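Examining the three-dimensional arrangement
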Amino acid sequence: MEMTREEWKQARKGIKRRMSTSGWALLIYFFIMNVSVFATLFIGIMVSMIGGMISGDFASVENAVMQAAENAWGYFIAAAIGFVLLLVWKKPRFLGNEVFARGAPMKVGDFFTILCIFLSGQMFFQLGTSLLELILNGFGYTIAPGLESMQTDPSNFSMFLYAGILAPVTEEILFRGLIQRSMLPFGKKFAILVSSLTFGLFHGNLLQTPYAFVVGLVLGYVAAEYNIVWAMVLHMINNLVLGDLLYRMLIELPQSTADSIVWGIILAFTVAAVILMIAKRKKITAWLRREKMVGAYVGCYFSCAGTVTLLLVLVANTLLSTWLMITPL
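Starting from 1, residues in each chain are numbered consecutively following that chain's sequence as written. Residues qualify for local features only when their pLDDT is at least 70, as the model is predicted, and side-chain atom pairs are given and counted only at 80 or more; totals for whole chains, interfaces and linings, by contrast, use all residues. Neither water nor hydrogens contribute to the side-chain values; these are computed over all heavy atoms in the structure.

**A word on the overall build of the protein**
Keep this limit in mind: Numbering of helices and strands runs from the N terminus; a helix is a DSSP stretch of H or I covering at least four residues, while a strand is a stretch of E covering at least two. Contacts: residue pairs with any heavy atoms within 4.5 Å of one another. For every accessible area listed, the method is Shrake-Rupley and the probe measures 1.4 Å; residues are considered covered only by the protein chains on display.
From N to C terminus, the protein includes 15 helices and two strands. Dimensions of the protein, computed from the C-alpha atoms along their principal axes, are close to 80 × 45 × 40 Å. Across the protein, every contact between residues at least 6 apart in sequence was considered, and the portion connecting residues at least 24 apart equals 80%. Of the roughly 17900 Å² of accessible surface on the protein, 70% is carried by carbon and sulfur atoms.

Structure follows, in structure tokens:
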């Protein structure tokens, strides 16, 4: 039964209100995270400076400040505050009934296929960063130092713990749990795209945003069809294995050798992903056709106050962060 224009007008207000609420919630967490990070950084710098003044050893102050800038305790504080606020707002039952809701059982073959597709996203990241670097080089600039700064320092335990374990759990609950689950009534495809878009922009720079959007599509599909726990597992594999373990294993090798090994691993997963996607093309096509996206919902999402404000803030942060990472050759 189709709705009249007046009925749709009333329904549209409710839809936009729901979408806007999710946008405001994510924006609040964004500010909590940034305030926590800057607060811990400021405290760390002040402690280092006071220690240098007392001991008279000013030579070690600079190193202490750099260590304070690289720790992840601000992210831990933000995650704790965000989790408490989520429980107060949505109540504990939201986690069990919505976030950790069970879907189809994960089969070994399906997991292997999804894992290959997910890790092949690294090829997208490598090609994207190479293209951006090539363009910048043409204007006499580089983003290589910024790319190196994104790598986890193997000696920094707090950052290892956050990037490898806490971030996958926190980000999945936030994006595939809160955001995607809130959008599911408007269609799986729409919900996955929305959560992936905000997930990508939340990374805050043009090196990671496109890549995070692509892998977010895979994580969103896994959370929607199977269970968010499997999305957390994939996220941890990516951050721990490709983001930390591989870096630790290759750090002592010559750069050319390390690059060859990394490209070989990425190429292997990409080839496997292409082969498996061709083999399962009928299943993939059937899912895409079955899960339709309603244009009216898209219009509602990109016209509500919470979403517009969130996207403007995230885009501005992404452009500013990227600009600060660019240096002359």
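**Considerations on a nonpolar patch on the surface**
What counts, and what does not: What makes a patch is a set of residues exposed beyond 30% relative accessible area and free of salt bridges, joined within 9 Å when like-charged and within 5 Å when nonpolar (Val, Leu, Ile, Met, Phe, Trp, Tyr). We count a salt bridge whenever a side-chain nitrogen from Lys or Arg sits within 4 Å of a carboxyl oxygen from Asp or Glu.
On the surface, a cluster of nonpolar side chains totalling about 710 Å² of accessible area is made up of Phe 42, Ile 43, Met 46, Val 47, Met 49, Ile 50 and Ile 54. As for its placement among the helices and strands, Val 47 is situated in helix H1 (residues 5–55).

**Here we look at helix H12 (residues 255–279)**
Keep this limit in mind: Expected helix span is taken as 1.5 Å per residue step, with the number of steps being one fewer than the number of residues. Partly exposed describes any residue whose relative accessible area lies between the buried limit of under 20% and the exposed limit of over 50%, with all areas from a 1.4 Å probe on protein chains only and scaled to the type maximum.
With 25 residues, H12 ought to run about 36 Å at 1.5 Å a step, and its terminal C-alpha atoms sit 36 Å apart, in line with that. Among all positions of H12, only Ala 258, Ile 266, Thr 270, Ala 273 and Leu 276 are buried. Looking at the buried positions of H12, the neighbouring elements they touch are helix H5 (108–119), helix H6 (121–138) and helix H11 (228–250).

**Points about unusual backbone geometry**
Note on backbone geometry: most residues besides glycine have negative phi, and most peptide bonds are trans. Phi is positive for Lys 91, which is not a glycine, with a value near 75°. Take Lys 91: it is sitting in the loop between helix H3 (73–90) and helix H4 (93–99).

**Here we look at the side chain of Glu 172**
Put simply, the test is: Within 3.5 Å is the distance limit for a polar contact, defined as a pair of N or O atoms, with the added protein rule that one can donate a hydrogen and the other accept it, and that residues adjacent in sequence qualify only through two side-chain atoms.
Positionally, Glu 172 belongs in helix H8 (residues 157–183). Of note is the side chain of Glu 172, whose polar atom sits 2.7 Å from the side chain of His 235. Beyond its immediate stretch of four places on either side in the chain, Glu 172 contacts Ala 167, Gly 177, Leu 219, Ile 228, Ala 231, Met 232 and His 235.

**What to know about the packing of helix H9 (residues 188–202) against helix H10 (residues 209–225)**
Between two packed helices, what matters for the description is the angle formed by their axes and the separation of those axes. Basically, it comes down to this: All axes here are fitted lines through C-alpha atoms, helices being fitted over the stretch that makes contact, and every angle between N-to-C directions spans 0 to 180 degrees. Helix crossings get a hand from a simple test, with the near helix turned counterclockwise from the far one by less than a right angle marking a left-handed crossing and a clockwise turn marking a right-handed one. All amino acids are sorted into three groups, where Ala, Val, Leu, Ile, Met, Phe, Trp, Tyr, Cys and Pro are nonpolar, Asp, Glu, Lys and Arg are charged, and the leftover types, Gly among them, are polar.
Close contact between H9 and H10 brings their axes to 8 Å; oriented N to C, the two are set at 140°. Like other packed secondary-structure pairs, H9 and H10 cross with a definite hand, here right-handed. Contact residues: H9 offers Lys 188, Ile 192, Leu 193, Ser 196, Leu 197, Phe 199, Gly 200 and Leu 201, while H10 offers Thr 209, Ala 212, Phe 213, Val 215, Gly 216, Leu 217, Leu 219, Gly 220, Tyr 221, Ala 224 and Glu 225. The residue makeup of the contact of H9 with H10, split by class, is 12 nonpolar, five polar and two charged.

**Some details on the nonpolar core**
Most often, soluble globular proteins have nonpolar side chains that are buried together. Applied cut-off: In plain words, nonpolar cores are sets of buried Ala, Val, Leu, Ile, Met, Phe, Trp, Tyr and Cys residues tied together by side-chain atoms within 4.5 Å.
Formed by 57 residues in total, the largest nonpolar core has its most connected members in Met 19, Met 183, Phe 202 and Leu 234. For this core, the element with the most residues is H1, which contributes nine residues. Discounting residues that sit within four places of it in the chain, Met 19 has contacts with Met 183, Phe 186, Phe 190, Tyr 297, Cys 300, Tyr 301, Cys 304 and Thr 307. Within the second largest apolar cluster, five residues are counted, among which are Ala 72, Met 159, Tyr 162 and Ala 167.

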